[in-house]
Structure formats: structure tokens, C-alpha cells
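# Analysis of the macromolecular model
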Amino acid sequence: MKHPIIIGLQYGDEGKGKITDYFAQKADWVIRFNGGSNAGHTLWVDGKKIVTHSVPSGILFPKCKNFIGAACVLDPLGFKKETDEHKASGLDISPHRIKSDYRTHLTFPFHKALDESRELGSGGLGTTKKGIGPTYSFKVDRRNIRMGDLFIDEKGTRERLKDSLAYANALIREMKGKESSLKENEDFFEIISLFKDYVSFEAAPFYRVAQKEKCLLEGAQALSLDIDHGTYPFVTSSNAMPAMASVGAPFPHSKLGRVFGVFKAYMTRVGSGPFATELKNETGERIRKNGSEFGATTGRPRRVGWLDLDELKNNVELGDISDLVMTKSDILSGEEKICIKRQGEIIECEGWSETLSGDKLSKPLDRYLSLIEDYVGVKITLVGTGTDRKSLFERNTLGDLWS
Ligand code: GDP
Ligand code: IMO
Ligand code: MG
């Protein structure tokens, strides 16, 4: 049995959460393998909205277990807030349903302070200020604390934390040009202790599981935000490539299967960086409003633009995508003029007033999809026609996700 992966093909917020939730109906596990609480994945079911950040998007199905992989970063304060919110919504967040790898690196309040200080300076990238970059930097610099460390060696971990904190204070002092005296936060360890039962201490947690249980690997961020393959330096701090699922979960690489690349019918970007097809006009504002294009994590207005097929094709090839999913076709309904960038040129496409005509996709929308498929060379399996889990049109047979 091989297991599917869900990847973002643009600048994040393509609707990965919705697709993960849709597939999770039949899954035993949903696994996150990159990023942290910079992710905001929105799920809509029967008029109710749930946003997941660090918790994987399999949370709505009681039989589905959720795993936060080793290459993710986890902010215990944010995780507590998020799980409290899910609990208040009536979801089961008990430890038998959610596990974090013991090697997952922790985001401390000082990482967030560092992220914020940097954003205030001239080198700001428009990050989510969730402390993601500093957590990964400390990890690579061998200065960070992992989820399981406190339970393995409390004394040693506290000593290492003191050194990390001193280093963070020195960095902030240098950036701000004035004294910084961030202190160790006692509550922080108390909160980590609350999560002891959520920690998995297994070295290869999916080596055997992948033989018999259905897993779904939920990517966060997207290929144009990938630290190695995105629009550097305007990127996040982790890899969003499908191969990262193997490293980041960790997941046996021979058991990785179909790769679903999710993209919007148009494009959005939050934060700074190049955006060739950006619409800084009334059309952009209308799409932003109709599409509720405001960040699920920060609430910031998302920049909006036409679909860039050159970038999409590039990312489809980079990610070796086997199936495409296009979301938000309904948001362009009624637009008189829809444009697309292909071979460096903006071309005009016929608009559509409705996404569906009877039980079929409307003809102009179908032609838009064919134009994308022909250029990119991969079939569009699913088309999003609304926010709800049910608003997905199967354009090509979905087939078995676990074959
Ligand atoms: P993610 O980060 O990739 O999971 O995406 P986000 O949840 O941040 O942003 C996607 C937004 O688009 C959410 O508000 C979803 O509810 C919404 N969405 C996803 N698919 C569709 C669709 O086909 N139509 C509409 N109208 N909204 C959609
Ligand atoms: P999901 O999983 C959209 C963007 C930030 C910023 C850059 C670096 O919901 O698609 P970071 O806080 O990661 O250091 O910020 O990356 N960014 C996202 N944009 N969706 C996301 O996640 C994002 N995660 C990070 O806006 O430009
Ligand atoms: Mg999002």
C-alpha cells in the first residue's frame, strides 16, 4: 500500500486543509511533516468553520489519528490554545488521537520575540511572526530544545535552555541596540508537561504502520515558499516538497504514493516577495473580498493576482505532481474577464457565470481547466466549487488513494 501526499503549488492557502479533510474520511492517520503554526488550514463542514494550525486536518473524523512529524516545529503555548479551541468545538483531542514526534523542535517565546524584532527592522519579509525562522535557525545551529528532551533529561535540558536564552538575548540586543532580558518562562515547562502523553518516542513511527494503516501526508506552506526551491529570500524556513514527507514525518519513502498538488483558480500571496501577475486594482480587491482572502493565521489581507501557468508548470515538475486539484473556481464566477499568464504573456480567457451546469462543470470553466492541463501536462482530478467539504467536483476519476 502507498500513501498520498497533499502539497501547495503556489504561495500557501490553496485549500490543502479542505482536501486533507475530504480525504481523511477514509484515513487512519493524517501526518504533518513540515512547518508549524505559520500554517492555517480551514475546514468547513455544515456551515461550521474549524482552522487547524499545528494540529493535522484529520481532526474531524473520530477514527482518524493525527501525527506532528519530527521536522515540524511546535509552539506549546499555541498548541495548548489550539487544542483548547478544538475541544471547545466538541472535538476529541485526547492523546490517543494526536501524537507529536519526540524530535519535533519547540518554539519558545524568545523565538517569537526574535522573529518580531527582525520584522521590525529593514530585513522584514512579512513573516507570520510565529517564531518559525528562529526556531529552525536554532535547530540547525544545534541550540534548540525538542519536544521529548524535557522528559529524557530535565536537568540537562534546562541548562541548554539557559544558553539558548542568553544567545537570543544577545541577538535581540544587537538588533535593537538596547538591553534585552527575556527570562525563562516557567509556565512553558508546565505546559510541555501537560503534553507528555502526546509524545511518541518511536524512532520510525510509520515503518510498520504504513504496511496496514491508511496514511495521508498533509503538506503545509507551498513550493513557491520552499526554503530551497521558492522565491528566496521571500520564503518560509522549511521544505514543502513531497520528498520532505519521508524526512519530516519520518515516513518510509518507498511507501509514498500519489502526489496531489493544490492550486487556486487565481493566486494569492501573504507577505513580501515577487508576484508577477499581482492585481493592484479593483479586480484584485473584488476577488480578495469575494474569496475572503485574509490570512487564516494572521488575518492579513492576501495579495491577489491571476494564475501564473509558467510558475505552476515549474512547481508541478519540481514536485513531480501526479494529480492536480484546483480550488476556488466559484470565486471567479461572474468575472467578465479572466486572465492567465502563459509563456510570459497574459492571455484572456472566457469567464463563467456558474461553476456547474446541471451535473457537469460549465463549459467555459471546463475549457479553462483544459487549457491548464494542456500546458502543465497533469490532469486536474478535483475542482473546488465552494468552501464546504462537499463542494468538490470529480473531473477525472479519483480512484483509490491507497493503491
Ligand atoms: P490551506 O492553508 O492551503 O489549507 O488554505 P487556507 O485554509 O489557508 O485558505 C483556503 C481558503 O479557501 C479557506 O478559507 C477555505 O475555506 C477556502 N476554500 C478552499 N477551497 C475552496 C473552494 O473551492 N471555494 C471557495 N469559495 N473557498 C474554498
Ligand atoms: P499554509 O500552510 C501562506 C509566508 C508568510 C511569509 C513567509 C515567511 O496555511 O498554506 P514564516 O512565518 O513562515 O517565517 O513566513 O511565508 N507563509 C505562508 N503564507 N500560507 C502559509 O501556510 C504560510 N506559511 C508561511 O506570509 O511571507
Ligand atoms: Mg493557510
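Whatever comes next refers back to the structure up there.
Now for a description of the structure that goes with this document. Model, not experiment: these values are computed from the prediction.

Bound to the magnesium ion (ligand 3) are the protein donor atoms Asp13 (OD) and Gly40 (O), situated 2.0 to 2.2 Å from the metal. Here Asp13 is found in the loop between strand 1 (3-8) and helix 1 (16-24), whereas its partner Gly40 is found in the loop between strand 2 (29-32) and strand 3 (41-45), with 27 residues between them in sequence. Residue Asp13 is classed as partly exposed on the basis of its relative accessible area of 22%.

With 5 of 5 residues buried, strand 20 (residues 380-384) lies mostly within the body of the structure. As defined by bridge partners, strand 15 (residues 323-327) adjoins strand 20 across 3 bridges and the pair is classed as parallel. Across the sheet, residue Met326 finds its bridge partner in strand 20, namely Val383. Bridge analysis of strand 20 against strand 21 (residues 392-394) gives 3 bridges, and the strand direction is antiparallel.

Another aspect to go through is the site of ligand 1. Around ligand 1, the surrounding shell holds 20 residues, and the nearest of these are Lys16, Gly17, Gly40, Thr42 and Asp330. Within the contact set of ligand 1, an oxygen atom lies 2.8 Å away from a backbone nitrogen or oxygen of Lys16. Contacts to ligand 1 include Gly386, whose backbone N or O atom sits 3.3 Å from a nitrogen atom. Against a free-state accessible area of 590 Å², the protein chains account for coverage of 95% of ligand 1. Every element with two or more residues in the shell around ligand 1 is listed here: helix 1 and strand 3. Mapping the shell around ligand 1 onto the domain boundaries places at least three of its residues in each of domain 1 (3-101 + 201-260) and domain 3 (263-394).

This part is about the sheet that holds strand 5 (residues 65-68). Read from one edge of the open sheet, 10 strands run 9-7-5-2-10-1-11-15-20-21, paired in mixed fashion. Edge positions in the open sheet fall to strand 9 (199-200) and strand 21, since each of these has one partner strand only. Where strand 7 (residues 98-101) lies against strand 9, 2 bridges are found, and the strand directions are parallel. Bridge pairing in strand 9 links Asp101 to Ser200. Of the strands in this sheet, strand 1, strand 2, strand 10 (215-218), strand 11 (256-264), strand 15, strand 20 and strand 21 are in contact with helix 1, which crosses strand 1 at around 165°.

The rules behind the values
Residues numbered from 1 in each chain as written. Chains lettered and ligands numbered in written order. Predicted model: local features only at pLDDT ≥ 70, side-chain atom pairs only at ≥ 80, totals over all residues. Heavy atoms only, no water. Donors = N, O, S within 2.8 Å, 3.2 Å for Na, K, Ca; no water. Helix = DSSP H or I, 4+ residues; strand = E, 2+ residues; numbered from the N terminus. Buried < 20%, exposed > 50% of the residue type's maximum accessible area, 1.4 Å probe, protein only. Pairing = 2+ DSSP bridges. Near = heavy atom within 4 Å. Polar contact = N/O pair within 3.5 Å; in protein donor to acceptor, adjacent residues only side chain to side chain. Areas by Shrake-Rupley, 256 points an atom, 1.4 Å probe, with all protein chains shown as cover. Domains from an automatic or database assignment. Contact = heavy atoms within 4.5 Å. Axes fitted to C-alpha atoms, helices over the stretch in contact; angles between N-to-C directions.

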